[in-house]
Amino acid sequence: MTAQHRIEPHDIFNQSPPYEDVDLFTSDRALSDAVQANGAAGEADALSGFGRRWGAAAMFDAARLANENTPNLKIFDTKGFRRDTVEFHPAYHGFMAESMKAGLHASTWTADGSRAAAPSEVARAARYFMVAQVENGHMCPITMTRACVGALAVEPSILHKLIGKITSRTYDASFRPWWEKDSITLGMGMTEKQGGTDVRANTTTAMPSGEGYIITGHKWFMSAPMCDAFLILAQAPGGLTCFLMPRFRPDGSVNALRLQRLKDKLGNRSNASSEVEFVDAFAWRVGEEGRGVRTIIEMVQLTRVDCVISSAGMMRMALAQALHHARHRTVFQKHLADQPMMGALLADMALEVEGATALTMRLCRSFDLAASDANEAARARLLTPAVKYWICKTAPGFIYEAMECLGGNGYVEEAPLARLYREAPVNAIWEGSGNVMCLDVLRAVSREGEAARAVLADLVRQCGDLPGAKEAAAFIGKTLSGADGEAQARAAVERLALLAAAAALSNSAPSVAEPFVRARLLARRGGTFGTSDISRTEVTMLSERALPA
Ligand SMILES: Cc1cc2nc3c(=O)[nH]c(=O)nc-3n(C[C@H](O)[C@H](O)[C@H](O)COP(=O)(O)OP(=O)(O)OC[C@H]3O[C@@H](n4cnc5c(N)ncnc54)[C@H](O)[C@@H]3O)c2cc1C
């Protein structure tokens, strides 16, 4: 029923109530089905509690505060000593504390830094997916902390020294040497002014000195600069090498990370992203000299997965906001959701989110199983860049369409859609932009062709009787290994992600797999949402799954 409030000089009616105080887990059938299908059914009750906590009105309001009150750079202390710190709004710290308490920064690692048993990836992904619906900025250091552990594995002496502080669930925002703190977070600095994709062109240098190295140079993007240590790349005598640079030197003095300024960003505003210079800064070597790119690969993969989860989560929130509004808003004597064109549009959008959600959780299942199953490892290797390409690129346009479902109400800052819309593009740009993802798929196909072919065959098998899967796999295989593979790669990689989504849906939501294949693999969706061939029965089914009436 539409709420009516009498305030002078006019009645307010036909505005949708705020979308808040919801259980972000149980209200999302696509998510709960995908969690169940990917080995984490036992987490359902805990996830529902988590979903209620993060779906509370207070959380949405804290997210607004954290993003309206952006971080400030404080270069000096009151006596003029360099500290190079950043001040955040208490709401940001509140989110850090919540996410760390839930283990989002480390729950996939054991106390000795090895991988936690399945379904730790899927269980964490489900939580991350819900957090991403509320506040994304603070998830940057959360993501980097968990991903960096993957790279530190090559340097057990450092990992063992730090892992207890990394896995601690008590957030400690104090600016002190890492050994004095209850917990630490980790960041990364790879991108320099002359390039982020081509890190081999890094100009920052590293010279051996005492128990570590002296680093001189800069980074053009180094986010969350209040992390306690950063993985960086620098040119050592033996070539490009990975290092871990702490905020404090071993003697307890502040290390020479000179923050130059904070980026004025399109979105991701609660989080600070810095430009930094290293003036003879201290760092430990991670991995052998000259093996820098090899050393960071595991970290890069894990970061990409989080970009996927985050974008899928934001799409989910945008869909929920659009559906919720359309069910309350009346236009021409009918609820918007019941207008045939709006119903078809919302169903097409729900279909997209179904595919993105199933695919995301299935990808995380591969990370859960990769250590014990070579096929799952190959699947994670081939599909991570493909899925990042498709989902992270889809999110901005999707969120825009959701915004339009709310009309002018969607365009203003009070609705979270404006913030989601600004936030979304970073996931596609960061840690490998679109073309780079396609190049990475090509690399996997050319270096591990047999494994890639086995993954494609698996996807077709998992699609069962669904039409179009075999043809899609043939197109993907032929295009990616063809003479003009690089120029055609976007078409093939997009098709690969769609095929993988169809396979994932066949397992977690069979009733959705059929319309998904019809509207995404057999016929291609038009340039906008709402152009797919979806029956009336399917419109009702998709709408009910997306949000209980
Ligand atoms: C909000 C934000 C936070 C960030 N935080 C961090 C951080 O904490 N640490 C960090 O190290 N970096 C960070 N980055 C940087 C980010 O990782 C880089 O911007 C990204 O890797 C791309 O590098 P680049 O900007 O140098 O673009 P470039 O490498 O110049 O690429 C530009 C474009 O060219 C395309 N391209 C590149 N090579 C090819 C090719 N061979 N063929 C076809 N196309 C190609 C790319 O896909 C891209 O679209 C952050 C960026 C943002 C926006």
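I will try to describe carefully the structure that is included in this document. Per-chain numbering applies: the sequence of each chain, read as written, is numbered from 1 onward. Local features in a predicted model are, by the rule used here, given only for residues with pLDDT of at least 70; side-chain atom pairs are given and counted only at 80 or more, and totals for whole chains, interfaces and linings are based on all residues. Hydrogen atoms and water are omitted, and side-chain values are computed over all heavy atoms in the structure.

1. A short note on unusual backbone geometry
Okay, step 1: Following Ala-118, the chain continues to Pro-119 via a peptide bond in cis, the omega torsion being 5°.
Okay, step 2: Note on placement: Pro-119 falls in the loop between α4 (90–101) and α5 (120–131).
Okay, step 3: In this structure, Asn-14 takes a positive phi of about 65° despite not being glycine.
Okay, step 4: In this structure, Asp-280 takes a positive phi of about 55° despite not being glycine.
Okay, step 5: Relative to the assigned elements, Asp-280 resides in strand β11 (residues 273–286). A run of H or I in DSSP counts as a helix once it spans at least four residues, and a run of E counts as a strand once it spans at least two, with each numbered from the N terminus.

2. Describing the nonpolar core
Okay, step 1: Formed by 181 residues in total, the largest nonpolar core has its most connected members in Ile-215, Leu-231, Met-299 and Leu-499.
Okay, step 2: Broken down by element, this core gets its largest block of residues, 17 residues, from helix α8 (residues 292–328).
Okay, step 3: In what follows, a contact means two residues having at least one pair of non-hydrogen atoms within 4.5 Å. If near-sequence neighbours (up to four positions away) are discounted, Ile-215 is found in contact with Thr-204, Thr-205, Ala-206, Ile-232, Ala-234, Phe-243, Met-245, Phe-278, Val-279, Asp-280, Ala-281 and Ala-283. Take the buried residues of types Ala, Val, Leu, Ile, Met, Phe, Trp, Tyr and Cys, join any two whose side-chain atoms come within 4.5 Å, and each joined set is a nonpolar core. Only protein chains enter the accessibility calculation, which uses a 1.4 Å probe. A residue is then buried if its area is under 20% of the maximum for its type, exposed if over 50%, and partly exposed in between.

3. Re the environment of Ala-519
Okay, step 1: Looking at the secondary structure, you find Ala-519 in helix α18 (residues 510–522).
Okay, step 2: Considered as a pair, Ala-519 and Glu-352 are 167 residues apart in the sequence and their alpha carbons are 9.8 Å apart.
Okay, step 3: With residues near it in sequence (within four places) discarded, Ala-519 still touches Leu-351, Arg-524, Arg-525 and Ser-532.

4. Quick look at the pattern of salt bridges
Okay, step 1: Counted as salt bridges are all cases of a side-chain nitrogen of Lys or Arg within 4 Å of a carboxyl oxygen of Asp or Glu. Evaluation of the coordinates by the stated rule reveals 31 salt bridges.
Okay, step 2: Residue Asp-306 is joined to Arg-124 by a salt bridge in which the shortest nitrogen-to-oxygen separation is 2.7 Å. Of this pair, Asp-306 sits in helix α8 while Arg-124 sits in helix α5; the two residues are 182 residues apart in sequence, bridging distant segments of the chain.
Okay, step 3: According to the relative accessible area criterion, Asp-306 is buried, its value standing at 1%.
Okay, step 4: Classification of Arg-124 by relative accessible area gives buried; the value is 2%.

Shape descriptors only; they carry no functional weight alone.
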